[in-house]
Amino acid sequence: MLLKSLEFKHGNGEKVKIIQIPVLEEDSTFRFMISLRFEVFLNKIYHEPEPKHVYSFKDYLKRVLKWKDYEAIFKEDALKHNA
């Protein structure tokens, strides 16, 4: 799983960094849902009067998604035969 981060300046001039943003394939069934959740997450951060310096999008998704969907997005392929 490829993860990205985003850094921007808040309305009050402070730098805010969002880490652990998943990058999904074009044909992924979760792509639209993730982009919509990311937009809601950004709006929530931008309207906070005193934002934190670092946010984790992965932790946010863990709180708002059904566990089945969260696991499907962030599934890690287990190594075969301990290789």
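Residues numbered from 1 in each chain as written. Predicted model: local features only at pLDDT ≥ 70, side-chain atom pairs only at ≥ 80, totals over all residues. Heavy atoms only, no water.

Caption draft 1: A look at the overall build of the protein. For the protein, the helix and strand inventory stands at three helices and three strands. Element order for the protein, N to C, with α for helix and β for strand: β-β-α-β-α-α. Here the protein has a C-alpha radius of gyration of 15 Å; the compact-globule value for 83 residues is 12 Å, and the former is much larger. Counting over 83 residues, the protein shows a buried share of 28%. Within the protein, contacts between residues separated by at least 24 positions form 49% of all contacts whose residues are at least 6 apart in sequence. Within the structure as shown, the protein displays about 6,400 Å² of accessible surface, and the carbon and sulfur contribution to it stands at 54%. (Helix = DSSP H or I, 4+ residues; strand = E, 2+ residues; numbered from the N terminus. Rg over C-alpha atoms; globule rule 2.2 N^0.38 Å. Buried < 20%, exposed > 50% of the residue type's maximum accessible area, 1.4 Å probe, protein only. Contact = heavy atoms within 4.5 Å. Areas by Shrake-Rupley, 256 points an atom, 1.4 Å probe, with all protein chains shown as cover.)

Caption draft 2: Expanded view of the environment of Phe41. Tracing the backbone through its elements, the reader meets Phe41 in helix α1 (residues 31–46). Judged by its relative accessible area of 3%, Phe41 falls in the buried class. Sequence separation between Phe41 and Ser5 is 36 residues, and the spatial gap between their C-alpha atoms is 14 Å.

Caption draft 3: Layout of the nonpolar core. Judged by nonpolar contacts, the single largest core of 17 residues is most densely connected at Ile18, Ile34, Phe41, Phe57, Leu61 and Ile73. Mapped by element, the contributors of at least two residues to this core are β2 (15–23), α1, α2 (57–64) and α3 (67–73). Broken down by element, the residue count for this core peaks at four residues, all from α1. Other than its neighbours up to four places away in sequence, Leu61 contacts Pro22, Ile34, Arg37, Tyr70 and Phe74. (Core = buried A, V, L, I, M, F, W, Y, C linked by side-chain atoms within 4.5 Å.)

Caption draft 4: A look at α1. The end-to-end C-alpha separation of α1 is 22 Å, in line with the 22 Å expected for 16 residues at 1.5 Å each. Of all the residues in α1, the buried ones are Ile34, Phe38, Phe41 and Ile45. The arc that holds every buried residue of α1, seen down its axis, measures 65 degrees, which confines them to one face. Turned more than 90 degrees away from the buried face of α1, the exposed residues are Phe32 and Glu39. Elements in contact with the buried residues of α1: β1 (2–9), β2, β3 (54–56), α2 and α3. (Expected span 1.5 Å × (residues − 1). Arc of directions from axis to C-beta.)

Caption draft 5: Focus on the pattern of salt bridges. Counting across every chain of the model gives two salt bridges. One salt bridge in this structure joins Glu7 and Lys15, with 3.8 Å as the shortest N-O distance. Taking the relative accessible area as the measure of exposure, Lys15 reaches 51% and is therefore exposed. Across the pair Glu26 and Arg31 runs a salt bridge whose closest N-O atoms are separated by 3.4 Å. Arg31 gets classed as partly exposed once you look at its relative accessible area, which sits at 34%. (Salt bridge = Lys/Arg side-chain N within 4 Å of Asp/Glu carboxyl O.)

Scope: geometric values only; no functional claims are made or implied.
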